[in-house]
Amino acid sequence: MRHLLDTQSLSREDALRILDVAEDMSDTQSREIKKLPTLRGKTVVNLFFEDSTRTRISFEAAAKRLSADVINFAAKGSSVSKGESLQDTAQTLQAIGADAVVVRHGASGAPRTLATSGWISAGVVNAGDGTHEHPTQALLDAFTIRKRTFGADSRGRDLAGIRVTVVGDVLHSRVARSNVWLLHTLGAEVTLVAPPTLLPQNVSMWPVTVEYDLDRAIAAAPDALMMLRIQSERMHAAYFPNEREYSRRWGLDPERLAQLPGATMVMHPGPMNRGLEISAAAADSPRSTVLEQVANGVAVRMAVLYLLLAGERPGDEREDLS
Amino acid sequence: MGTRTVLHEADITRALTRISHEVIESHRGVDGIVLLGIPTRGVTLAKRMSVIMSDIAGVAVPVGSLDVTLFRDDLARQPTRSPGPTEIPAGGVDGRTVVLVDDVLFSGRSIRASLDALQSIGRPSAVRLAILVDRGHRELPIRPDFVGKNLPSAREERVHVRLAEIDGVDEVTIES
């Protein structure tokens, strides 16, 4: 694997390999010494043009647990605010000697530009670009679903027949897009539930079932219910009358929580708007996988960095094996 | 030159039985012994030794696996390897005598990696090394404590260990 830019073009084989390596990484995180020497001498740059807490910390923890050096770059307070272009920033990182660049950018496609421009030779990991994709989030969600469903028996399995319902602001959600493609690749059945204004126009082309009524979706007893964050910062128009109305029709309130069948897990990619798309009762219930998702995120990102950086790279000068 | 079989099924069984006896003799029993196989075939050999030793001693000898992939020093020189599972028996390794089990001892680099891997799990009171085939060409100051067969070989020859559980047949061959 050279880059991880999206889940739409990720093969089933590669996805399962990432998830299986993540199982091994997850096992090492329960040891007395969590740090592995695997990526000693490699440099990982976290290049964040958009705000992020958990994704950046998660990538930083993952890189450090593998003994890579980490350089954190936030656009605020950097030369980007003086008008430096993506090209110049990238070439600076190249000169510093970055082996991998984890990039979050407000523009969809920025990671692909970085990976294919020839400005840098480092591996590129998309940590969220505009409303396009957020592949490591989808991978950690799939990992969490697999782990909750199959437990210690997870290795090598896909999600065939598992029914996942994604609820909320699909229109602005790169998490939803990455999840739709990955879950479909892994054989899961995906249902989207949202007000019509918060669904993209081309949703009929996606491999999903669309539903507008959350209570009907809950009555269908999905295996996982994924609540999406209402992204107020990307909403420049009125997509629903007001927050109370949204919460009443599409929020997971205590009444709806009580209607969920026994085994359904409740997921949220974070950060949560408690009381809007998810109630505190749901977020803190034993069904909630929110904190597992965070913990699994580190293991999945360790797996991605390992697969990107550990093996020989095409074009590397190779010394004699002996 | 071709391929030649150096150990047959009965030879492998005899070698494992002898090694198992030697481990018990040098440790004066099986109390506190933990067998850890190095994936893939070391794990199979460790499991077989556990059965043999449990039969001899009359108590179950704990057995597990120790993956060394993430601790290797040659990762950047090969295509990406997938790590294998590490399973440590319930009692852990602290204060025990760990016997590492692998199929072939060659450069010694896997064993160096396994010592690092072991360190991140706990602190055994002693670590021993049991090997089915020692083919020489060590690159590090590492030597086995228990050896099934010493097999002098040229560096460019290839030694293959096949075990029934994985390959459907028990044999050790050398290819030149």
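## Points about the domain arrangement of chain A
Residue and element names in this part refer to chain A.
Point 1. Annotation of chain A at the domain level lists domain 1 (12–134 + 295–309) and domain 2 (135–291).
Point 2. Here the C-alpha centre of domain 2 lies 25 Å away from the C-alpha centre of domain 1.
Point 3. Contacts between the two partners involve 25 residues from domain 1 and, on the opposite side, 25 residues from domain 2.
Point 4. Listing elements by their share of the side of domain 1 that touches domain 2, those giving two or more residues are helix 1 (12–28), strand 4 (123–129) and helix 11 (290–309).
Point 5. Of all the elements, helix 1 adds the most residues to the side of domain 1 that touches domain 2, at eight residues.
Point 6. Tallied by class, residues from the side of domain 1 that touches domain 2 come to 10 nonpolar, eight polar and seven charged.

## Focus: the pairing of strand 4 (residues 97–105) of chain B
Residues and elements named next belong to chain B.
Point 1. Where burial is concerned, most of strand 4 is hidden: seven out of the nine residues are buried.
Point 2. In this structure, strand 2 (residues 33–37) lies alongside strand 4, joined through five bridges in parallel fashion. Looking across to strand 4, one finds that Gly37 is bridged to Val101.
Point 3. Relative to strand 5 (residues 126–134), strand 4 runs parallel, the two being bridged by eight bridges. If you follow Asp102 over to strand 5, its bridge partner there is Ile131.
Point 4. With helix 3 (residues 109–119) bridging strand 4 and its parallel neighbour strand 5, the resulting β-α-β unit is right-handed.

## Brief notes about the environment of B:Arg162
Residues and elements named next belong to chain B.
Point 1. Position of Arg162 among the secondary structure elements: in strand 7 (residues 158–162).
Point 2. A residue is classified by how many C-beta atoms lie within 10 Å of it, and Arg162, with 16 of them, is partly exposed.
Point 3. Taking the C-alpha atoms as reference, Arg162 lies 8.3 Å from Thr173; in sequence the two are 11 residues apart.

## Overview of helix 11 of chain A
Three or four residues apart is the spacing at which side chains of an α-helix point the same way, because the helix has 3.6 residues per turn.
Point 1. With 20 residues, helix 11 of chain A extends 29 Å between its outermost C-alpha atoms, agreeing within 8% with the 28 Å of an ideal straight helix rising 1.5 Å per residue.
Point 2. Across the 20 residues that make up helix 11 of chain A, a large majority, 15, are buried.

Reading the values: the criteria
- Residues numbered from 1 in each chain as written.
- Chains lettered and ligands numbered in written order.
- Predicted model: local features only at pLDDT ≥ 70, side-chain atom pairs only at ≥ 80, totals over all residues.
- Domains from an automatic or database assignment.
- Contact = placed C-beta atoms within 7 Å.
- Helix = DSSP H or I, 4+ residues; strand = E, 2+ residues; numbered from the N terminus.
- Nonpolar A, V, L, I, M, F, W, Y, C, P; charged D, E, K, R; others polar.
- Buried ≥ 20, exposed ≤ 12 C-beta atoms within 10 Å, placed from the backbone.
- Pairing = 2+ DSSP bridges.
- Right-handed = clockwise from strand over helix to strand, strands pointing away.
- Expected span 1.5 Å × (residues − 1).

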